[in-house]
Amino acid sequence: MPSLSYDLLLQSITPVDRSREAALRSRVDGKAKPVGSLGRLEDLAVQLGLIWHPAPPRTGRAAVFMFAGDHGIAAENVSPFPASVTRMMVAACLNGTAGINLLAQAAGAEVVVIDAGVNGDLPPHPELINHKIRHGSRNSVVEPALTLAEARQAITVAAEMVRRAIDDGLDIVAIGEVGISNTTAAALLAHRLGPAPLADCVGPGTGLDAAGVAHKLAVAGRAAARSAATAPLDVLAEFGGYEIAMMCGAILGAASKRRPVMIDGFIAGSAALVAIRLVPAVRDYCVFSHRSAERGHGQMLRSLEAEPYLDLGLRLGEGTGAVLAVPLVRAAAGILNGMADLADVLTASEAAS
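The model shown is predicted, which means the values in this text are computed figures rather than measured ones.

Calculation rules
- Residues numbered from 1 in each chain as written.
- Predicted model: local features only at pLDDT ≥ 70, side-chain atom pairs only at ≥ 80, totals over all residues.
- Heavy atoms only, no water.
- Core = buried A, V, L, I, M, F, W, Y, C linked by side-chain atoms within 4.5 Å.
- Buried < 20%, exposed > 50% of the residue type's maximum accessible area, 1.4 Å probe, protein only.
- Helix = DSSP H or I, 4+ residues; strand = E, 2+ residues; numbered from the N terminus.
- Contact = heavy atoms within 4.5 Å.
- Pairing = 2+ DSSP bridges.
- Axes fitted to C-alpha atoms, helices over the stretch in contact; angles between N-to-C directions.
- Polar contact = N/O pair within 3.5 Å; in protein donor to acceptor, adjacent residues only side chain to side chain.

## A short note on the nonpolar core
Here is step 1 of the chain: Formed by 126 residues in total, the largest nonpolar core has its most connected members in Phe65, Ile251, Leu252 and Val282.
Here is step 2 of the chain: Sort the elements by how many residues they give to this core and helix α10 (residues 242-256) lands first, with eleven residues.
Here is step 3 of the chain: Apart from the residues lying within four places of it in its own chain, the contact partners of Ile251 are Ile175, Val261, Ile263, Ala268, Ala271, Ala272, Ala275, Val282 and Cys286.

## Comments concerning the sheet that holds strand β1 (residues 62-69)
Here is step 1 of the chain: Here we have six strands laid out as an open sheet, ordered β3-β2-β1-β4-β5-β6, and parallel in their pairing. A single partner strand is all that each edge strand has here, and the edge strands are β3 (128-130) and β6 (286-288). Ignoring strand direction, the axes of neighbouring strands in this sheet form an average angle of 30°.
Here is step 2 of the chain: The sheet contact formed by β1 and strand β4 (residues 172-178) spans seven bridges and is parallel. From the neighbouring strand, Met66 faces β4, where its bridge partner is Gly176.
Here is step 3 of the chain: Contacting β1, β4 and β5 (261-263), helix α14 (residues 326-337) runs over the sheet at an angle of about 170° to β4.

## What to know about the environment of Asn337
Here is step 1 of the chain: Counting through the fold element by element, Asn337 comes out in helix α14.
Here is step 2 of the chain: The class for Asn337 is partly exposed, based on a relative accessible area of 41%.
Here is step 3 of the chain: Note: C-alpha distance between Asn337 and Met262 (75 residues apart in sequence) is 20 Å.
Here is step 4 of the chain: Among the polar contacts listed, one links the side chain of Asn337 to the backbone oxygen of Pro57, at a separation of 2.8 Å.

## Some words on unusual backbone geometry
Here is step 1 of the chain: Across the junction of His53 and Pro54, the peptide omega takes the value 10°, indicating a cis bond.
Here is step 2 of the chain: Counting through the fold element by element, Pro54 comes out in the loop between α3 (40-52) and β1.
Here is step 3 of the chain: Cis geometry marks the peptide bond from Gly194 to Pro195, where omega comes out at -15°.
Here is step 4 of the chain: Turning to its location among the elements, Pro195 is positioned in the loop between α7 (182-193) and α8 (210-226).

Structure, rendered in structure tokens:
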């Protein structure tokens, strides 16, 4: 499969055919159940039908792509943890002992770990994909976090990886991340692209107290004041991170191949926000898995007109909420693919009597 350039990737994404929505809704309504009795699973079934048309939805193989990257803004002490924790969490994921590993196993999903821009050289590991662009992003308080060329590179590299995985039989794409200080980057993206007041986007992240949140807000305010960028790619380069840019690329890659992509919480949501602002049709392929407890996620979801399926108070990241919603996608596809029609049930009942 030939690689797509950044521009061709964006051009390859088309919206779903909304003219089929009424027929799919009627089909779901005609299943052996009271109309609407499976609640929002029925909405998800219709979304999957639109995404996969004309084929029936497939949900056999799911994978969460967990992108790791460090942030230069960590030098401003916006997190209670040092940047070295990013490397520690990557090691735990590769050892199979991180939260994402256990939850993905429970959901029947594979875990793919990618070094997008960890600040340090990770030891070789058979399960680690090295797409490192730089040893951490730059400090967005004083300069753009990424160059525009780096942002495009991160997007296209991740899109290509996901597109190849889909060609190899992947049915459900989920995205997650690990990266100390990335809630600050996500807050800046949500502020500028939502748009939303910065104070509504900055939260405790990995556990800041009230004074820590106030300091984080002040630091984010200095970064926001440095650049007036509003175009999606410019905003990503000014304030984002390599793992956020690669998540954006993964979302675009899934949409270009017409596959559902499970969006995790606040950080993954910021990547989805960039992707959707770049290509509004991407919204058709996004399944927003859960409502994060991180301040700002609710505002972000409203900006995206998205209603998540789970609300468990999660704020771990890593793609944990995304994989927890994978069984819901499988269940929704089952409504379309395997559930009996009410008319057939009634006909069988009459024949039996």
